[in-house]
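Structure assessment
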Amino acid sequence: MEKYLEIGKIVAVQGLKGEVRVDPWCDSAEFLCEFDTLYFDKGKTPVEIERSRPHKNIVLVKIKGVDTVEDAQLLRNKILYMDRDEVELEEGCYFVRDLIGLTVIDSDDGTVYGRLSDVQKTGANDVYTVKGEDREYLIPAIPDVIVKTDIEGGQMLIHKLDGLFD
């Protein structure tokens, strides 16, 4: 498993004192604001976060040592990473990165549907896209369907509800 995960991208400069606008690539802007340290260069370069706050659909971030518009401009389009060891996920919650690639199997008859290729946020619940050999399946991430998620074993067991793939 990767230790450092993408959490957002610096998309613009905010103001004159070195703040940047970050497009959060996580469940919420508030989640990104919980970190005192983030990383550049796939985790190789730690950066201290002086302050951060949600603003509409982005996060305004002040990175220590970035104090001018010019400094901030140099960071545009850089990806920010988080250290997975700094987060304790609730039971049944997973990083999307860990779900991608899982083999999806029917818990009742052992049918292999394919590999989980995408996670879509729909509001009520996530929807998993599974690519099979000859078709694509959309699976709601709800307890009635998801029987077991085994990250280490590389598979997800599902219960196919009547009409799910019709």
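Let us look at the structure shown here. (Residues numbered from 1 in each chain as written. Predicted model: local features only at pLDDT ≥ 70, side-chain atom pairs only at ≥ 80, totals over all residues. Heavy atoms only, no water.)

This part covers the sheet that holds strand S12 (residues 155–158). Read across the sheet, six strands follow the order S10-S9-S8-S7-S12-S11 without closing on themselves; strand pairing throughout is mixed. Taken across any chain shown, the strands that pair with only one partner, and hence form the sheet edges, are strand S10 (136–140) and strand S11 (146–150). Across the sheet, the axes of successive neighbouring strands diverge by a mean angle of 35°, strand direction being ignored. When strand S7 (residues 103–106) meets S12, the two strands line up parallel, connected through four bridges. By the bridge assignment for S12, Asp 106 is matched with Ile 158. (Pairing = 2+ DSSP bridges. Helix = DSSP H or I, 4+ residues; strand = E, 2+ residues; numbered from the N terminus. Axes fitted to C-alpha atoms, helices over the stretch in contact; angles between N-to-C directions.)

Leu 38, Ile 63 and Met 82 are the most contacted members of the largest nonpolar core, which has 23 residues in total. Ignoring anything within four residues of it in the chain, the contact list for Ile 63 reads Ile 10, Val 20, Phe 40, Val 47, Glu 48, Ile 49, Glu 50 and Leu 75. Membership of the second largest hydrophobic core comes to 16 residues, among which are Leu 102, Val 104, Tyr 113 and Val 145. (Core = buried A, V, L, I, M, F, W, Y, C linked by side-chain atoms within 4.5 Å. Buried < 20%, exposed > 50% of the residue type's maximum accessible area, 1.4 Å probe, protein only. Contact = heavy atoms within 4.5 Å.)

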